[in-house]
Amino acid sequence: MKYSLILASLCLVTAALLTGQGGADATKGKGAPKGAPGGGKGGGKGAPKGGGYQPPEGPAPMTTWGKPDFNGVWQRPYVPNIEQTVGGALPYTEWGKQKWESYNPAKDGDYTGACLPFGHVRALSSPDPVQFMQTPTHFAFLYEQNTWFKVFPIDGRPTKKKVPTWFGDSVGRWDGDTLVVETTNFNGFTRLDTNGHPHSDQLKLTERFTRTDAGHIAYQLTVDDPKTYTKPLVSNRTFTLRTDWEILEYSCEENNKGLVEGRIKVPDFENQK
Amino acid sequence: MKLRLIVLAAFLAAFGVTCLMAHHSLAAEFDSTKPITLTGTLTKLDWRNPHAWIYLEVKNAQGVVEKWQCELGSPNAMTRAGFSQEDVKAGDEIVLDGILARDGSKTVSTRVVKAKDGRTLLSQNAR
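Source: prediction; values computed, not measured. Every chain is numbered independently, its residues counted from 1 as its sequence is written. All chains are assigned letters beginning at A, and all ligands numbers beginning at 1, according to the order in which they are written. The model is predicted, so local features are restricted to residues of pLDDT at least 70 and side-chain atom pairs to those at 80 or more, both for listing and for counting; the totals for chains, interfaces and linings are taken over all residues.

S.K.: What is the right way to look at the overall build of chain A in this model?
M.R.: Check the secondary structure of chain A and you find 8 helices and 9 strands. Looking at chain A as a whole, 44% of its 273 residues qualify as buried. By the criterion used throughout, residues are in contact when their C-beta atoms, derived from the backbone, lie within 7 Å. Long-range contacts, defined as pairs at least 24 residues apart, comprise 61% of the intrachain contacts of chain A with a sequence gap of at least 6. Helix and strand assignments follow DSSP, with helices taken as H or I runs no shorter than four residues and strands as E runs no shorter than two, numbered in order from the N terminus. Exposure is read from a count of other C-beta atoms within 10 Å of each residue's own; the residue is exposed at 12 or fewer, buried at 20 or more and partly exposed in between. C-beta atoms are placed from the backbone.

Encoded structure:
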């Protein structure tokens, strides 16, 4: 267990360096540097190799209908271990501790390796970018990870969905210039991060998106799951606008040799809930 | 060309390979305590998500040619790191660092692919 935590910490630092989101910055939310975090890797279909990317500077843009404009392709810090963004060890309940200590993807299978839906937190914490699309009434997350998407209302109407799902049901609202997205109704089959930190079907997410300037979003995630954690987990991150990137197709099923050849097992996730 | 199984530096063995930008648990499929370096001839690059794969022929200590398959990162991530499928071609002599699959097959999770002169050809780290 200690080994995995140390490993996770080092992986987070490495990932942060690779994605250009310094570990400290990734935990502080606001105050992202004006320069391009991680600039220098280029990337994206048609994007030049090499360095030099600088996100746009200036004030946060507004839509024609008067709200902050979140449209764009966003680079986020890869967070394989949520501990590193919430201040350390997680405050498990007894149930949560048992779920964490019994997690063994090598023995019991790996739902993400099997291309099952990651869930919102893990999809938004993956190395791959996400595109946001926004209308006066709806907001969409277009995750490059496995080409998933999520669409939800932001005009005050309630969600009509009732069946628990992998990504949950979201409703957005405005708190001044901050978009607040609350998500519930999870099936409880997913994990919070690559390391496999658990949650239950009682999970409630509250996300706050604030367009601090033309190039950045201050993102705050609150994980409230009283079955798994004795207090809410609060994670602050900075997203960077990548005007040089496009969302690329990502088929998880196409060339997943590990799954097809039997090295990755499909977990009995319903009974592991 | 010969198969060389070497003990990498402790940090690399413990951490370097498993810090790839994996979207899922690497431990489910590969064993980070079993690092390997392969030197051989690339026969095919399969540049498709969720993982690109390199196919490699390696001559073992007995002189017998063995066929290996080596998983890379996603083409999307490697593209953004500055690499492309044009960076290698069939017939290239390469040196590949990675870790072995748990199931005992000739399957590797790749950390980095280099030319014999030391140039990095493919990696998830930025070029």
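Here the narrative resumes.
S.K.: Just to check I follow, could you spell out the sheet that holds strand β8 (residues 216-224) of chain A for this structure?
M.R.: Adjacent strands of a sheet form backbone hydrogen bonds with each other and so pair up, either parallel or antiparallel. Residue and element names in this part refer to chain A. A pair of strands is treated as paired once DSSP finds two or more bridges between them. As summarised here, the arrangement of the 9 strands in space is β4-β3-β2-β1-β9-β8-β7-β6-β5, forming an open sheet in which the pairing is antiparallel. Since the sheet does not close on itself, it has two edges, and those belong to β4 (149-153) and β5 (169-175), each with one partner. Strand-to-strand twist in this sheet, taken as the mean axis angle between neighbours without regard to direction, amounts to 25°. Bridging between strand β1 (residues 72-75) and strand β2 (residues 130-134) involves 3 bridges; their strand directions are antiparallel. Along β2, the bridge assignment pairs G72 with F132. In this analysis an axis means a line fitted to C-alpha atoms, helices contributing only their contacting stretch, and an angle means the value between N-to-C directions, from 0 to 180 degrees.

S.K.: How should I be thinking about the confidence of the model for chain B in this particular structure?
M.R.: Detailed reading of the predicted model is not advised wherever pLDDT is low. Residues and elements named next belong to chain B. Confidence scores labelled pLDDT are given residue by residue by the predictor and lie between 0 and 100. Put simply, chain B has an average pLDDT of 85, and 81% of its residues get 70 or more. In the model, residues 1-20 has pLDDT below 50 throughout and makes 45 contacts with residues more than four positions away in sequence or in other chains. Both scores are available for the predicted complex, with the pTM at 0.81 and the ipTM at 0.77.

S.K.: Could you clarify how one ought to interpret the nonpolar core in this entry?
M.R.: Considering soluble globular proteins, one finds that nonpolar side chains tend to be buried as a cluster. Within the largest apolar cluster, 33 residues are counted, with the highest numbers of intra-cluster contacts made by A:I217, A:Y219, A:V223 and A:L233. Among the secondary structure elements, those contributing two or more residues to this core are α6 (120-124), β3 (138-143), β6 (178-184), β7 (204-213), β8 and β9 (233-241) of chain A. Top element by residues in this core is β8(A). It accounts for 5 residues. Beyond its immediate sequence surroundings of up to four residues, A:V223 is in contact with A:L192, A:H199, A:L203, A:L205, A:P232 and A:L233. Among the nonpolar cores identified, the runner-up in size contains 26 residues, and B:A52, B:L56, B:F83 and B:V108 belong to it. As used here, a nonpolar core is made of buried Ala, Val, Leu, Ile, Met, Phe, Trp, Tyr and Cys residues. They are joined through C-beta atoms within 7 Å.

S.K.: So what exactly am I meant to see when it comes to the environment of A:K150 here?
M.R.: Residue and element names in this part refer to chain A. As for its placement among the helices and strands, K150 is situated in strand β4. With 20 C-beta atoms counted inside 10 Å, the residue K150 sits in the buried group. Along the primary structure K150 and A140 are separated by 10 residues, whereas in three dimensions their C-alpha atoms are 5.5 Å apart. In this view, K150 contacts H120, A140, F141, F167 and S170; residues no more than four positions away in its chain are not counted.

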